[in-house]
Amino acid sequence: QVRLVVSGGGLVQAGGSLRLSCAASGLVFSNVVMGWFRQDPGKERQFVAAITWSGANTRYADSVKGRFTISRDNAQKTVDLQMNSLEPEDTAVYYCAATRSYGSAGTDRYSYNYWGQGTQVTVSS
């Protein structure tokens, strides 16, 4: 059984930093592309960042480029999202996800097969 367990998140002031981590089990981690998405209530889940199998390639939403960094450790089966210079607009529930494909450079949420539970990130102004 595939499990993606997300940790991190919480409340931070604007300009601050948070780090999210996602631990995977039940799959061959080096065979999957990993992504982070976020969702506001009543809105669609949006792409945040993705990283390819070996970590050689990453992709970011324009809104987080230069502030967020995605990384992975295939030995530990984890993927992290370091979030710096946080803004109130970054407030959302954040999810990690895994896919065996790299359709749309990891930005298409419908291509992801497995999802972790969400974690709330709240950035106060």
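Preceding this paragraph is the structure being described.
A brief structural summary. Everything numeric here is computed off the predicted structure, so don't read it as measured data.

1. What to know about the overall build of the protein chain
In step 1: Helices and strands together make up the secondary structure of the protein chain, namely 0 helices and 11 strands.
In step 2: Secondary structure of the protein chain in N-to-C order comes out as β-β-β-β-β-β-β-β-β-β-β.
In step 3: For the protein chain, whose C-alpha radius of gyration is 13 Å, the value lies close to the compact-globule estimate of 14 Å for 125 residues.
In step 4: Seen through its principal axes, the protein chain has C-alpha atoms that stretch 40 × 30 × 25 Å.
In step 5: Per-residue burial for the protein chain yields a buried fraction of 42% across its 125 residues.
In step 6: On the protein chain, roughly 6,100 Å² of surface is accessible, and the fraction owed to carbon and sulfur atoms is 45%.

2. Digging into the sheet that holds strand E1 (residues 3-7)
In step 1: Ordered by their spatial adjacency, 4 strands build an open sheet running E1-E3-E8-E7, and the pairing between neighbours is antiparallel. The open sheet is flanked by E1 and strand E7 (68-73), the only strands paired with a single partner. This sheet shows a mean twist of 15° between the axes of neighbouring strands, independent of strand direction.
In step 2: Judged from the 5 bridges that link them, E1 and strand E3 (residues 18-25) form a sheet pairing that is antiparallel. When the bridges of E3 are listed, Ser 7 appears paired with Ser 21.

Rules and cut-offs
- Residues numbered from 1 in each chain as written.
- Predicted model: local features only at pLDDT ≥ 70, side-chain atom pairs only at ≥ 80, totals over all residues.
- Heavy atoms only, no water.
- Helix = DSSP H or I, 4+ residues; strand = E, 2+ residues; numbered from the N terminus.
- Rg over C-alpha atoms; globule rule 2.2 N^0.38 Å.
- Buried < 20%, exposed > 50% of the residue type's maximum accessible area, 1.4 Å probe, protein only.
- Areas by Shrake-Rupley, 256 points an atom, 1.4 Å probe, with all protein chains shown as cover.
- Pairing = 2+ DSSP bridges.
- Axes fitted to C-alpha atoms, helices over the stretch in contact; angles between N-to-C directions.

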